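Reading the structure
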Amino acid sequence: MECVFGLVGEGFAVVAADTSAVHSILVHKSNEDKIMVLDSHKLIAASGEPGDRVQFTEYIQKNVALYQFRNGIPLTTAAAANFTRGELATALRKNPYSVNILLAGYDKETGPALYYIDYIATLHKVDKGAFGYGSYFSLSTMDRHYHSRMSVEEAIDLVDKCIVEIRSRLVVAPPNFVIKIVDKDGAREYAWRETVKDSIASSA
Amino acid sequence: MSRRYDSRTTIFSPEGRLFQVEYAMEAIGNAGAAIGILSKDGVVLVGEKKVTSKLLQTSGSTEKMYKIDDHVACAVAGIMSDANILTNTARVQAQRYTFAYQEPMPVEQLVQSLCDTKQGYTQFGGLRPFGVSFLFAGWDKNLGFQLYMSDPSGNYGGWKAAAIGANNQAAQSMLKQDYKDDITREGAVELALKVLSKTMDSTSLSSDKLELAEVFLSPSGTVKYQVSSPESLTKLLVKFGVNQPATEDS
């Protein structure tokens, strides 16, 4: 029941992901961060098999870092997306990774971008995208309200609309979400949307 | 005494030299010269053709100039068969990069990658080094126009103007004197042809003894690699007054 979705606005891209780590009927934790900061101006929001998700995104992250160390320049968002897709495609024909990815980035020359990469190495450059059962609701909501060049306020409002929709309509909906944003100033956490806190139990 | 240390590539001499690498550079010193000049709006490569015979069938292939990718070309000096292997390797490396990243390979990364290959032949495997030096000319969006020179040791450097092959030291010092940072592509062509004409052994210069290639941006912004036809080369030689026999005064 993992939910990942994102969209591109005016000079930024925003991605949101649920934060529940689930094993069968057990919720391990409700504050698992599934949006990795790939480099200063890129985010990877990933959903899928927990082991594969961490393994693959860390592998991509380290290769992106290695490129920058070797060559003194960062990869563009498009290059990183194509590299990621290529790695999934190669693994697909041996030991596939069960990971779906939304790659959001900002390049000075080309602005914000969002890439949809699914577990069988499909690559699409998109304005809005989503994975998981939640996508049935978030995509429809985004289709209804999205327009190009949205402001940050409008985009976060749309993200919140999607979260409300998922919470109210998806059976076993994840309680908490994390929202991250990337723009000319870099990739960073924007906010959490929590209904359940993984913290000290309240006293009796 | 150095004879004991020169038959294998993989050992140093007592003085800390790699003789096979040095011998490879000797071989290149006897080969046809090539000159590269970086200008604001393009890179110019000029090469001296050693194989000139009326019987040669020039089917469009070039002796000195090779296109590696849409945005990178090179001039070679040295053993031609070695050059073919390395240019093919460079082409594969460039395409492999584009396959992974869907973008053209930055020029310096391509040069570095090829030089890593060359370095391997100086350290392990027991195979001799390649007897080729390269002048790479290219454009990428990070650094614009660039010129690189690489040699059999696997070392490379970025240059504003460089010469390889026969008389390259004389050519290099002439380039040092006359190169200006704001030189235009046309000025670079003129300078390259003039320097080459002075350092070539032959008594007179004609278009069948030379190759000229330019890397520049078309008006639409795409990188163009152009090898001059013999006719346009002849016109240029006349225009710059370079088609007469080389004179003693500079």
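Labelled according to an unreviewed UniProt entry, chain B appears under the name Proteasome subunit alpha type, originating from Carya illinoinensis. Under the Function (unreviewed entry) heading, UniProt states for chain B: "The proteasome is a multicatalytic proteinase complex which is characterized by its ability to cleave peptides with Arg, Phe, Tyr, Leu, and Glu adjacent to the leaving group at neutral or slightly basic pH. The proteasome has an ATP-dependent proteolytic activity."

Going by what an unreviewed UniProt entry lists, chain A is known as Proteasome subunit beta and is assigned to Carya illinoinensis.

1. Observations concerning the sheet that holds strand 10 (residues 128-131) of chain A
Residues and elements named next belong to chain A. Pairing is antiparallel across the open sheet formed by five strands, whose spatial order is 10-1-2-11-12. Bordering the open sheet on either side are strand 10 and strand 12 (186-193), each of which pairs with just one other strand. Strand-to-strand twist in this sheet, taken as the mean axis angle between neighbours without regard to direction, amounts to 15°. Summarising the sheet, strand 1 (residues 4-9) and strand 10 pair through four bridges and their orientation is antiparallel. Opposite V4, over in strand 10, you have F131 as the bridge partner. Sitting on the sheet, helix 3 (residues 135-145) is in contact with strand 1 and strand 10, with an inclination near 165° to strand 10.

2. Some words on helix 2 (residues 77-92) of chain A
Structural remark: α-helix, 3.6 residues per turn; residues separated by three or four positions point the same way. The first and last C-alpha atoms of helix 2 of chain A sit 22 Å apart over 16 residues, in line with the 22 Å expected at 1.5 Å per residue. Residues T77(A), A79(A), A80(A), A81(A), N82(A), F83(A), T84(A), G86(A), L88(A), A89(A) and A91(A) constitute the buried set of helix 2 of chain A.

3. Let's talk about the interface of chain A and chain B
Between chain A and chain B, the residue contacts involve nine residues of the former and nine residues of the latter. Carbon and sulfur atoms make up 53% of the surface buried where chain A meets chain B, a total of about 790 Å² over both sides. Contact with chain B buries area across many residues of chain A, yet Y67(A), I73(A) and N82(A) alone supply 44% of it, more than any other trio. Taken together, the links from chain A to chain B amount to zero salt bridges.

4. Things to note about the nonpolar core
Residues and elements named next belong to chain B. Counting 47 residues, the largest nonpolar core has I35, I37, L135, L175, L193 and L210 as the members making the most contacts within it. The biggest single contributor to this core is helix 5 (residues 185-199), with seven residues. Not counting the four nearest positions on each side in its chain, L193 is found in contact with V46, L210, L233, L236, L237, F240 and V242.

5. Let's talk about the packing of helix 3 of chain A against helix 4 (residues 152-169) of chain A
Residues and elements named next belong to chain A. At their nearest, the axes of helix 3 and helix 4 sit 9 Å apart, and the two run at 145° to each other. Between helix 3 and helix 4 the crossing geometry is right-handed. Between helix 3, through F137, S138, T141, M142 and H145, and helix 4, the contact on the second element is made entirely by L158, K161, C162, E165, I166 and R169. Along the lines of polarity and charge, the residues of the contact of helix 3 with helix 4 split into five nonpolar, three polar and three charged.

Reading the values: the criteria
Residues numbered from 1 in each chain as written. Chains lettered and ligands numbered in written order. Predicted model: local features only at pLDDT ≥ 70, side-chain atom pairs only at ≥ 80, totals over all residues. Heavy atoms only, no water. UniProt positions renumbered as here; feature names shortened; annotations may be inferred. Pairing = 2+ DSSP bridges. Helix = DSSP H or I, 4+ residues; strand = E, 2+ residues; numbered from the N terminus. Axes fitted to C-alpha atoms, helices over the stretch in contact; angles between N-to-C directions. Contact = heavy atoms within 4.5 Å. Expected span 1.5 Å × (residues − 1). Buried < 20%, exposed > 50% of the residue type's maximum accessible area, 1.4 Å probe, protein only. Buried area = accessible area lost by both parts, 1.4 Å probe. Salt bridge = Lys/Arg side-chain N within 4 Å of Asp/Glu carboxyl O. Core = buried A, V, L, I, M, F, W, Y, C linked by side-chain atoms within 4.5 Å. Left-handed = near helix turned anticlockwise from the far one by under 90°. Nonpolar A, V, L, I, M, F, W, Y, C, P; charged D, E, K, R; others polar.

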